[in-house]
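These are the residues of each chain, in order.
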Amino acid sequence: MSQLRAIASSIRVTVILWLITAIIYPLFILLVAQAPFFQYQAKGSIMVNLKNDPIGSALIGQTFTSEEYFHSRPSSVRYSQGKKAQPTGISGSSNLAPSNPELLNRILERVNELQDQSIDPLADLIYTSGSGLDPHITFKSAMQQLDRVASARNLQPDQIYPFIVKYTKDRFLKIFGEPGVNVLKLNYALDLQEINRRQN
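Definitions and limits used
- Residues numbered from 1 in each chain as written.
- Predicted model: local features only at pLDDT ≥ 70, side-chain atom pairs only at ≥ 80, totals over all residues.
- Heavy atoms only, no water.
- UniProt positions renumbered as here; feature names shortened; annotations may be inferred.
- Helix = DSSP H or I, 4+ residues; strand = E, 2+ residues; numbered from the N terminus.
- Axes fitted to C-alpha atoms, helices over the stretch in contact; angles between N-to-C directions.
- Parallel < 35°, antiparallel > 145°, perpendicular 65-115°, else oblique.
- Left-handed = near helix turned anticlockwise from the far one by under 90°.
- Contact = heavy atoms within 4.5 Å.
- Nonpolar A, V, L, I, M, F, W, Y, C, P; charged D, E, K, R; others polar.
- Polar contact = N/O pair within 3.5 Å; in protein donor to acceptor, adjacent residues only side chain to side chain.
- Salt bridge = Lys/Arg side-chain N within 4 Å of Asp/Glu carboxyl O.
- Buried < 20%, exposed > 50% of the residue type's maximum accessible area, 1.4 Å probe, protein only.
- Phe/Tyr/Trp six-rings, centres within 6.5 Å; stacked < 30°, edge-to-face > 60°.

1. A short note on the UniProt feature "transmembrane region" (unreviewed entry) in the protein
Move 1: Per the UniProt record, "transmembrane region" (unreviewed entry) is annotated on residues 12–33.
Move 2: Helix and strand shares over residues 12–33 are 100% and 0% respectively, and the end C-alpha atoms of the span are 30 Å apart.

2. So, the packing of helix α6 (residues 157–166) against helix α7 (residues 183–199)
Move 1: Running from amino to carboxyl end, α6 crosses α7 at an angle of 140 degrees, the nearest separation of the two axes being 10 Å. For the element pair α6 / α7, the angle class is oblique. Helix-helix and strand crossings are classified by hand; for α6 and α7 the assignment is right-handed. Only Leu186, Ala189, Leu190 and Gln193 of α7 make contact with α6, whose side of the interface consists of Gln159, Ile160, Phe163 and Ile164.
Move 2: Looking at the contact of α6 with α7 residue by residue, the classes come out as six nonpolar, two polar and no charged.

3. Quick word on the side chain of Ser72
Move 1: Among the secondary structure elements, Ser72 is positioned in the loop between β2 (54–57) and α3 (101–116).
Move 2: Of the polar contacts made by the side chain of Ser72, one reaches the backbone oxygen of Gln62; its length is 2.7 Å.
Move 3: Those residues in contact with Ser72 that lie beyond four places of it in its chain are Gln62, Phe64, Arg110, Ile137 and Val183.

4. Some thoughts on the environment of Lys185
Move 1: With respect to the helices and strands, the residue Lys185 is situated in helix α7.
Move 2: Sequence separation between Lys185 and Ser57 is 128 residues; the distance between their C-alpha atoms is 9.4 Å.
Move 3: Setting aside its immediate chain neighbours within four residues, Lys185 contacts Tyr40, Met47, Ala58 and Tyr167.

5. Observations concerning the pattern of salt bridges
Where charged atoms from two side chains of opposite charge approach closely, those side chains can pair.
Move 1: Tallying each qualifying case throughout the model produces six salt bridges.
Move 2: One salt bridge in this structure joins Arg73 and Asp134, with 3.5 Å as the shortest N-O distance. Of this pair, Arg73 sits in the loop between β2 and α3 while Asp134 sits in the loop between α4 (123–126) and β3 (136–138); the two residues are 61 residues apart in sequence, bridging distant segments of the chain.
Move 3: Judged by its relative accessible area of 22%, Arg73 is partly exposed.
Move 4: Asp134 gets classed as partly exposed once you look at its relative accessible area, which sits at 25%.
Move 5: The salt bridge involving Arg171 is made with Glu178; its shortest N-O contact spans 3.8 Å.

6. Looking at the packing of aromatic side chains
Move 1: Applying the stated criterion to the full structure yields three aromatic pairs.
Move 2: Judged by centre distance (5.4 Å) and plane angle (50 degrees), the rings of Phe64 and Tyr69 are tilted.
Move 3: Since its relative accessible area comes to 17%, Phe64 is described here as buried.
Move 4: Where Phe139 meets Tyr161, the ring centres are 6.3 Å apart and the plane angle is 80 degrees; that geometry is what we call edge-to-face. Within this pair, whereas Phe139 is found in helix α5 (residues 139–152), its partner Tyr161 is found in helix α6, the two being separated by 22 residues in sequence.

Here is the structure:
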């Protein structure tokens, strides 16, 4: 009889934990996410342009190749390809071992590209992030690209510097990590400035 009681007790505990973790908790999180002050984050932090067309997520790194833009961290995951490609949300790293020649060749190629642009090969401009979708670069990496972007946009560096400062996010809890610059927000702000300058 005690064995049956123990089995019944374990079934009850399993059902209660299942209700809490599989139904109650997810529903609670869903309700919290629908609160007005969480709408932007809950919907993917999608940024839109002046025509209200989506241009990307502030939480997902994107590839910028034009000289007029600050370049993001390299990504080993190409989550968006082609002219009409849409981000797939796929994330992941290359999983190449440090001793893998393919990884070494990719790093050396990136270092050479940066040196050709007179940019110091800082870590976040060479190595991919763990998820492959990191939307930030360090403040130092942004500053390394400042002269190139200013020259391409026919601006003085001190005209762009305030934008770098504005879109630099401080350390997490003021102690963890490094200050990071959101590349999408920074580049879009520069585009808006360019539009305003042409209109005036």
